[in-house]
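A look at the structure
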Amino acid sequence: MSLDTDIAELLPRMRRFARALTYHREDADDLVQVAVERALVRQAQWEPGTRLDSWIFRIIKNAWVDEVRSRMRRDRVFAPAEEGETVGDDSAAVHQQRLAIQKAIGMLSEDHRLVVALVLVDGMPYKEAAEVLEIPMGTLTSRLARAREALQGLLSDQAKVAK
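Now for a look at the structure at hand. This is a predicted model, so every value here is computed, not measured.

Turning next to the overall build of the chain. The helix and strand inventory of the chain stands at 8 helices and 0 strands. Reading the chain from its N end, one meets helices and strands in the order α-α-α-α-α-α-α-α. In the chain, which comprises 163 residues, the share counted as buried stands at 40%. A fraction of 63% describes how many contacts in the chain between residues 6 or more apart in sequence connect residues 24 or more apart. Total accessible area on the chain is roughly 9,700 Å²; 53% of this is exposed by carbon and sulfur atoms.

Below is the structure:
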C-alpha cells in the first residue's frame, strides 16, 4: 500500500482525535485537512516501519497548538455549533449529556485534554500516546489520572447545578 492510502485509512481516527481537541466540527475538519497536507508534503520525514498513526497524531497535535496560539493572538472566541443542535430534538437528554462531557473536557488544561483525547476518546495505548505527546510514560499516566479526577469533579458539579 502507498502512504496516501494508509493516510486515507486513518481519516476516521484523525477526525475523531481532531474533534476531541477542537470541539467544533468545522475546526476539526480544517485541522485534519492541514495535517494531511503537512503529512503529504513532508512524507519523506516519515520513517517506514514506524507507526504512521502516531506520526499523524503528532502532526495534528502540533497543528492544533499552532492554531490555538494564532487564535490567542487574534483574541477570538468561538462557541461550538453543537450548543444549538438539540433544540426540539427528542434525544435532547443524550445530546445534553454529550455536551456536558465536552464542556467538562474543554475546562481541562490543554495537557489533560490531549491525554484524554488520545487515550480515552481514541483508545490509543499509553505507550503510543506518550510517544505522540513526546512525554515519558509516567508523565502520561499521572496526567491521565489527574484528568480523570478533574473530569469526575466537573461532571459531578455540573450534575448538581442541573438539579
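In this section: helix α3 (residues 25-41). When the terminal C-alpha atoms of α3 are compared, their 24 Å separation across 17 residues agrees well with the 24 Å that a helix rising 1.5 Å per residue should span. The set of residues buried in α3 consists of D27, A28, L31, V32, A35, V36 and A39.

One can find Y23 in the loop between α2 (11-22) and α3. You can call Y23 buried: its relative accessible area is 12%. When the C-alpha atoms of Y23 and K103 are compared, they prove to be 8.8 Å apart, with 80 residues separating the residues in sequence. At 3.4 Å, the side chain of Y23 and the backbone nitrogen of G106 are in polar contact.

Moving on to the packing of α2 against helix α6 (residues 110-121). Contact pair α2 / α6: the axes reach a minimum separation of 9 Å and the direction vectors enclose 145°. For the crossing formed where α2 meets α6, the hand is right-handed. Residue-level inspection shows R16, F17, A20 and L21 of α2 in contact with α6, the latter providing R113, L114, A117, L118 and V121.

All right, on to the side chain of E128 then. Looking at the secondary structure, you find E128 in helix α7 (residues 126-133). A polar atom in the side chain of E128 sits 3.0 Å from the side chain of R51. Setting aside anything within four residues of it in sequence, one finds E128 in contact with R51, D53 and S54.

For the coordinates displayed, the defined rule picks out 1 aromatic pair. Each ring, one from F17 and one from F57, has its centre 5.0 Å from the other, and the planes form 65°; the classification is edge-to-face. Residue F17 is located in helix α2, and its partner F57 is located in helix α4 (residues 52-74); the two are separated by 40 residues in the primary sequence.

Inspection of the entire model under this criterion finds 10 salt bridges. With a closest N to O distance of 3.0 Å, E128 and R51 form a salt bridge. One end of the pair, E128, is in helix α7; the other, R51, is in the loop between α3 and α4, with 77 residues separating them in the sequence. Of the residues examined, E128 reaches a relative accessible area of 12% and is grouped as buried. Linked through salt bridges whose partners overlap, the residues forming this network are R13, R16, R51, D53, D122 and E128.

So, about the nonpolar core. Core analysis: the biggest nonpolar cluster contains 37 residues, and M14, L21, L52, I56, I60, L118 and L140 have the highest contact counts within it. Sorting the residues of this core by element identifies α1 (3-9), α2, α3, α4, α6, α7 and α8 (137-162) as the ones contributing at least two each. Here this core gets 9 residues from one element, more than from any other, and that element is α4. Non-local contacts of L118, meaning those with residues more than four positions away in its chain, are made with F17, F57, G123, M124, A129, V132 and L133. Within the second largest apolar cluster, 8 residues are counted, among which are Y23, L108, V116 and A147.

The rules behind each value
Residues numbered from 1 in each chain as written. Predicted model: local features only at pLDDT ≥ 70, side-chain atom pairs only at ≥ 80, totals over all residues. Heavy atoms only, no water. Helix = DSSP H or I, 4+ residues; strand = E, 2+ residues; numbered from the N terminus. Buried < 20%, exposed > 50% of the residue type's maximum accessible area, 1.4 Å probe, protein only. Contact = heavy atoms within 4.5 Å. Areas by Shrake-Rupley, 256 points an atom, 1.4 Å probe, with all protein chains shown as cover. Expected span 1.5 Å × (residues − 1). Polar contact = N/O pair within 3.5 Å; in protein donor to acceptor, adjacent residues only side chain to side chain. Axes fitted to C-alpha atoms, helices over the stretch in contact; angles between N-to-C directions. Left-handed = near helix turned anticlockwise from the far one by under 90°. Phe/Tyr/Trp six-rings, centres within 6.5 Å; stacked < 30°, edge-to-face > 60°. Salt bridge = Lys/Arg side-chain N within 4 Å of Asp/Glu carboxyl O. Core = buried A, V, L, I, M, F, W, Y, C linked by side-chain atoms within 4.5 Å.

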